[in-house]
Amino acid sequence: MTSSYANDVSVDLSGQWKLSCAEGEHDAPITVPGDVHSALRQATIIPDPYFGRNEIDVQWVADLDWMIERSFHVDDPEANWYLDIDYLDTVAVVFVNDVPVLSADNCFRRYRPDVSSALVPGENRIRIHFHSSIKAGAERQEAQPFYVPYHPGNSPIPNGNMLRKPQCHFGWDWNIALAPLGLYGDIALRRLDAARIESVHTSQRHVEDGVELHVGVMLHAAQAVSVPIHLSLGEERLRLDCGVNAGDTVLRHVFFVETPKLWWPAGSGEQALYTLTVELPDESVTRQIGFRTIELLTDKDEAGSRFAFRVNGREIFCRGANWIPADALHSLSSREKTEDLLLSAVQANMNMIRVWGGGFYEQDWFYDLCDRLGLMVWQDFMFACNLYPCTDDFLDNVEHEVSYQVKRLSSHPSIALWCGDNELVGALTWFDESRDNRDRYLVAYDRLNRTIEKALKKAAPSALWWPSSPASGYLDYGDAWHADGSGDMHYWSVWHENKSFDNYRAVMPRFCSEFGFQSYTSMPVIKTYADGKDMNISSPVIELHQKNAGGNERIAGTMFRYFRFPKDFENFVYISQVQQALAIKTAVDYWRSLKPHCMGTLYWQLNDTWPVASWSSLDYGGSWKALHYAARRFFQPVSVSAIPSEDGKTVRFSTVNDTAEEVEIDMNIFALSTDGSRTPLKSARGTCGPDAAATMTEIDIAQLADGALLSWNFIASNGMTGEGHHVAQTYKALELQPSGLKHHVKPLDDGTFEVEVSPSGLALFVMIEADIAGRYSDNLFDLAAGETRRIVFAPKSGEQTPHPSFKIFDLYSSQSQG
Ligand code: BMA
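Rules used throughout
- Position numbers for residues count from 1 along each chain, tracking the sequence in the order it is written.
- Note on the predicted model: pLDDT of at least 70 is required for a residue's local features to be given, and 80 or more for side-chain atom pairs to be given and counted; whole-chain, interface and lining totals, by contrast, use all residues.
- Computation of side-chain values: all heavy atoms of the structure, hydrogens and water removed.
- For the purposes of this entry, the term helix denotes a DSSP run of H or I that reaches at least four residues, the term strand denotes a run of E that reaches at least two, and both are numbered from the N terminus.
- Just to be clear, the radius of gyration here is over C-alpha atoms, and the globule rule we use is 2.2 Å times residues to the power 0.38.
- Exposure is judged per residue with a 1.4 Å probe applied to protein chains only, and the accessible area is read against the type maximum: over 50% gives exposed, under 20% gives buried, and values in between give partly exposed.
- Note on contacts: a residue pair qualifies if any of its non-hydrogen atoms lie within 4.5 Å across the two residues.
- Areas reported as accessible are Shrake-Rupley estimates using a 1.4 Å probe. Residue values count occlusion only from the protein chains shown.
- Just so you know, the count uses Lys and Arg for positive and Asp and Glu for negative, and it drops His and the chain ends.
- Charge positions are represented by NZ for Lys, CZ for Arg, CG for Asp and CD for Glu.
- Whether a residue is near a molecule or strand is decided by its heavy atoms; if any one of them lies within 4 Å of it, the residue is near.
- We call two N or O atoms a polar contact when they sit within 3.5 Å, provided that within protein one can donate a hydrogen and the other can accept it, with sequence-adjacent residues counted only if both atoms are side-chain atoms.
- All residues other than Ala, Val, Leu, Ile, Met, Phe, Trp, Tyr, Cys, Pro, Asp, Glu, Lys and Arg, Gly among them, are scored as polar; the first ten of these are nonpolar and the last four charged.
- Only strands that DSSP links by at least two bridges are regarded as paired with each other.
- Orientation is described by lines fitted to C-alpha atoms, with helices fitted over the stretch in contact, and by angles between N-to-C directions that extend from 0 to 180 degrees.
- The rule is short: rings of Phe, Tyr and Trp, with Trp giving its six-membered ring, pair when the centres are within 6.5 Å, and they are stacked under 30 degrees, edge-to-face over 60, tilted in between.
- The criterion for a charge sitting over a ring is simple: Lys NZ or Arg CZ within 6 Å of the ring centre, and within 35 degrees of the ring normal.
- In this text, buried Ala, Val, Leu, Ile, Met, Phe, Trp, Tyr and Cys residues form a nonpolar core when linked through side-chain atoms within 4.5 Å.
- Angles below 35 degrees are treated as roughly parallel, those above 145 as roughly antiparallel, those between 65 and 115 as roughly perpendicular, and all remaining angles as oblique.
- Put simply, a crossing is left-handed when the front helix is turned counterclockwise from the back one by less than a right angle, and right-handed when it is turned clockwise.
- By salt bridge we mean one thing: a side-chain nitrogen of Lys or Arg within 4 Å of a carboxyl oxygen of Asp or Glu.
- UniProt positions are given in the numbering used here, feature names are shortened, and annotations may be inferred rather than shown by experiment.
- Each domain's extent was defined by an automatic or database domain assignment.
- A 1.4 Å probe defines the accessible area here, and the buried area is the portion of it lost by two parts on being joined, summed over both.

**Observations regarding the overall build of the chain**
Helix and strand counts for the chain stand at 16 helices and 46 strands. Rg of the C-alpha trace for the chain: 28 Å, near the compact-globule value of 28 Å for 818 residues, within the 12% margin. C-alpha atoms of the chain, sized along the principal axes, occupy 90 × 65 × 65 Å. Taken over 818 residues, the chain has a buried fraction of 61%. Contacts in the chain between residues at least 24 apart in sequence constitute 69% of all its contacts with a sequence separation of at least 6. Accessible surface computed for the chain: about 30,100 Å², of which carbon and sulfur atoms make up 49%. When the 71 positive and 108 negative side-chain charges of the chain are each reduced to one mean point, those points stand 3 Å apart.

Dropping the structure here:
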């Protein structure tokens, strides 16, 4: 929703404010919207929290109360004025001329307090007093009728579950623990003349020859008045003159759009969008509308029950990843950076992201982007991995939050599903208190979950609701981390339980909404927080930039399992990314091959909030890790993958087709020897029906000479192509011979660089890495002896340099050779 206001009724209060510590001597300028840590950093009061071990040194900031203030001018204070604030983080009191006008405690609500009686003619002052989240959390925990546990493994800063603010602010197994505070949204003083628009919500009814768009506009007025209101949808514009009562009044109108263009997820059709505008004389609100139907299919079948999305009558296989906040500190995020991350998702053939429940309900423009890009959004409500209070005041706060967020967001065609929380059902089993008194905590959970469900259904009766992620079904409190027959699944046995990559083929999820494998972040990013002396996998700086207990051991242990140990730190980083890509590819290849039994795979996680070792496929800053290049291939709408049998003796080539047209696929299979020669083994041609998966051919591993690999390429009749290799044992068992990889760089006229790579032997998992950030036309590919590949490297804007230097990695060259 984008709102605009006439100038004389609105005083924008964003911009420069003064920040000061309520309990000490520090003060600094702060730009609003913005966060306190970034302002202190700007003023050199604290060092860069992301560098080295500075996280530890800046902990004091969150222990204290902070104030921000500024002045503003009002000519006619006798009118009705209110403040309009959102994303206020979090426990804060707002004063106008020392009169308290708002006491807020929910970062996910919009507050519009009346401030008329506090204003004076001319110069006025506004001050926001932020109470330390650490103190507020402790006070609220103390006031609970019984202890409500939070997850200390994720959150070293305690009691985040007491506060309605992003749960990952208290630290997470990928996040820096800062408990940031500030104001991240709008702040303005507005005059209430006749009435204001409180919310605009829509719903659609698709009928035979068109769509009815039901529009509900909630107006708020100080006293009964008559206001002219204009509504428009595309070319159609109409005026309603209506009387509104004091308080809130809802107006309704139904537009009928004959045979509209439909909105489709990326890869399945166009993203047709219409603009709905609601106008009062001084205020207008616009909404991006896309016409589409969406259903969640949960029919029972032999395995349990399905979990599939049907959009415009077509079942859509969901390919995607989990979204966490764009940055640990709001001031370091921007619309451009987020747009780049979301664009990367679509470029890797994703059509869905899950906005995970430990972060934010994102800003309006985020969902506008998703609408335009065709990214469906699985939207969690913001509760994650903790238990929560069920006191009346807490639930009342949650009810307001849900009602506001659902009305704000549910018109977006990208919003596919609303989900109650992340992993709260599992969390019931994680703490002594809830294991010892399961009834109490389960009842408390149900009160919260039911509050959310009811408020959602009241605000958007036709929205899709799923109680929790993962969940085996409605009112099903089973173990959706291991049971694969029904609902959505979080499959963590490979990472968190140290199972082998093959173990991804031990389950047949209906929809896997989380599964992940970590890697180190790329070298150019590591260099932003570590000095040369720290470049060691177990140095204190590298360890502090790993937030999952045992995470680095898991990465190293997996290397021992599958690879020869890398020769140095940067090759360790490289192999960590190769094995991450292999892990996720193993899962996705198999689960896509189960279509339509499985109808979605969303890996954990798309992005990073700061420079850290994590499960992300995009580095902090947006560069693509090896996994993201792999994802573009394994999520391609038409793809071919090699799936070994349980005993490893045969490999079946599975084709999957997510398009609406049948495709014909030609493929060639080779034996690839460790000296780099390819010998043809088999050619195959087959068709794969629309929205289907099929086995095209099989290979007996005994056909391969000892120590050789399988490789293949394919071309589909819709022009999509691909290639890959399969290793029958492990990479460490391969007697690789020198790859003899050479490269040649040619600057091109448009500021990009062509990098030509060619080996004299076998080069597996070739990764090109420049010393500056940028995007490669491809990466993580194989080359056999004598083959050449030309890659174009486009430096990130602002990173231009005449001579970037390139490093080329490959498996053979990464290995320590004794
Ligand atoms: C999932 C998520 C996150 C977490 C991730 C990795 O369960 O919901 O809480 O970061 O696992 O452990």
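**Details of the site of the ligand**
By nearness alone, every residue bordering the ligand is listed as Trp172, Asp173, Trp174, Trp356, Cys385, Asn422, Glu423, Trp492, His496, Glu514, Trp604 and Trp615. Within the contact set of the ligand, an oxygen atom lies 2.5 Å away from a side-chain nitrogen or oxygen of Asp173. Out of a free accessible area of 300 Å², the ligand has 95% covered by protein chains. A per-class count over the shell around the ligand returns seven nonpolar, two polar and three charged.

**Some remarks on the sheet that holds strand S24 (residues 314-316)**
Sheet strands pair via backbone hydrogen bonds, and the direction of the pair is either parallel or antiparallel. Strand order in the open sheet formed by three strands is S22-S23-S24, and the pairing between neighbours is antiparallel. The open sheet is flanked by strand S22 (294-297) and S24, the only strands paired with a single partner. Between one strand axis and the next, the sheet turns by 35 degrees as a mean value, whatever way the strands run. Pairing between strand S23 (residues 308-311) and S24: three bridges, direction antiparallel. Note that in S24 the partner of Phe309 across the bridge is Ile316.

**Some remarks on the packing of aromatic side chains**
Applying the stated rule across the entire model yields 50 aromatic pairs. Ring geometry for Trp495 versus Trp615: centroids 5.8 Å apart, planes at 80 degrees, classification edge-to-face. Placement of the pair is Trp495 in helix H10 (residues 493-496) and Trp615 in the loop between strand S32 (600-603) and helix H15 (626-634), with a sequence separation of 120 residues. The residues Trp495 and Trp615 share a single accessibility class, namely buried. Of the aromatic side chains, those joined through ring pairs into one cluster are Phe307, Phe309, Trp378, Trp466, Tyr474 and Phe511. Of note, Arg127 hangs over the ring of Phe95, and the distance from its end group to the ring centre comes to 4.3 Å. A cation over a ring is seen here: Arg196 above Tyr82, with NZ or CZ 4.1 Å from the ring centre.

**Overview of the nonpolar core**
One finds Phe381, Phe515, Trp591 and Tyr603 to be the most contacted residues of the largest nonpolar core, which totals 159 residues. It is helix H14 (residues 569-593) that provides the largest number of residues to this core, a total of 14 residues. Beyond its immediate chain neighbours, meaning those up to four positions away, Trp591 contacts Phe317, Tyr491, Tyr504, Val507, Pro509, Cys512, Phe515, Cys598 and Thr601. Formed by 45 residues, the second largest nonpolar core is a distinct cluster that contains Val32, Val74, Tyr111 and Leu181.

**As for the packing of H14 against H15**
Angle between the axes and distance between the axes are the two parameters that describe a pair of packed helices. Between H14 and H15, whose axes approach to 8 Å, the crossing angle comes to 20 degrees. With respect to H15, the element H14 is oriented roughly parallel. The handedness of the crossing between H14 and H15 is right-handed. Along its contact with H14, which presents Gln577, Val578, Gln580, Ala581, Ile584, Lys585, Val588, Asp589 and Arg592, the element H15 presents Ala626, Leu627, Ala630 and Phe634. A breakdown of the residues in the contact of H14 with H15 according to their chemical character gives eight nonpolar, two polar and three charged.

**Re the pattern of salt bridges**
One side chain can pair with another of opposite charge once the charged atoms of both are near each other. What the rule picks out here adds up to 48 salt bridges. The salt bridge involving Glu198 is made with Arg196; its shortest N-O contact spans 2.9 Å. By relative accessible area, which is 23% here, Glu198 ends up partly exposed. Residue Arg196 is classed as buried on the basis of its relative accessible area of 6%.

**Observations regarding the UniProt feature "domain: Beta-mannosidase-like galactose-binding" (unreviewed entry) in the chain**
Following the UniProt record, one finds the feature "domain: Beta-mannosidase-like galactose-binding" (unreviewed entry) at residues 17-184. The distance separating the terminal C-alpha atoms of residues 17-184 is 13 Å; by composition the span is 12% helix and 32% strand.

**Observations concerning the pairing of strand S14 (residues 187-191)**
The element S14 is largely enclosed, with a buried count of five among its five residues. Every second residue of S14 is oriented toward a common face, with Ile187, Leu189 and Arg191 on one face and Ala188 and Arg190 on the other, all of them buried. Strand direction decides the pairing type here: strand S7 (residues 81-86) and S14, joined by five bridges, are antiparallel. In the strand pairing of S14, Tyr82 is matched with Arg190.

**Description of the sheet that holds strand S4 (residues 27-32)**
Strands sit in the order S4-S3-S6-S12-S9-S10 across an open sheet of six strands; the sheet is antiparallel. Of all strands in the sheet, those bounded by a partner on one side alone are S4 and strand S10 (99-104). Averaged over all adjacent pairs, the angle separating strand axes in this sheet is 25 degrees, with direction ignored.

**Overview of H15**
With respect to burial, H15 is a largely interior element, seven of its nine residues being buried. Within H15 the residues assigned to the buried category are Ala626, Leu627, His628, Tyr629, Ala630, Ala631 and Phe634. Against helix H4 (335-347), H14, S32, strand S33 (638-644), strand S42 (763-770) and strand S43 (774-776) lie the buried residues of H15.

**A closer look at the environment of Ala62**
Looking at the secondary structure, you find Ala62 in the loop between helix H2 (54-57) and strand S6 (66-74). It is 6.7 Å that separates the C-alpha atoms of Ala62 and Ile134, two residues lying 72 residues apart in sequence. Those residues in contact with Ala62 that lie beyond four places of it in its chain are Ser132, Ser133, Ile134, Leu178 and Ala179.

**Notes on the domain arrangement of the chain**
As far as domains go, the chain holds domain 1 (2-132 + 181-190), domain 2 (194-281), domain 3 (294-635), domain 4 (638-733) and domain 5 (741-809). Using C-alpha coordinates to define each centre, domain 3 is positioned 29 Å away from domain 4. Tallying the contact residues gives 18 residues for domain 3 and 18 residues for domain 4. If you sort the residues of domain 3 by the area they bury against domain 4, Arg314, Arg592 and Lys595 come out on top, with a joint share of 33%. Joining domain 3 to domain 4, the criterion identifies five salt bridges. Linking Asp691 and Lys595 is a salt bridge whose minimum nitrogen-to-oxygen distance equals 3.6 Å. Counting every contact that joins domain 3 to domain 4 gives 13 residue pairs in polar contact (both at pLDDT 80 or more). Those elements that provide at least two residues to the side of domain 3 that touches domain 4 are S24, helix H13 (551-562), H14 and H15. Here the element with the most residues in the side of domain 3 that touches domain 4 is H14; it accounts for five residues. Of the residues assigned to the side of domain 3 that touches domain 4, the class counts are seven nonpolar, one polar and ten charged.

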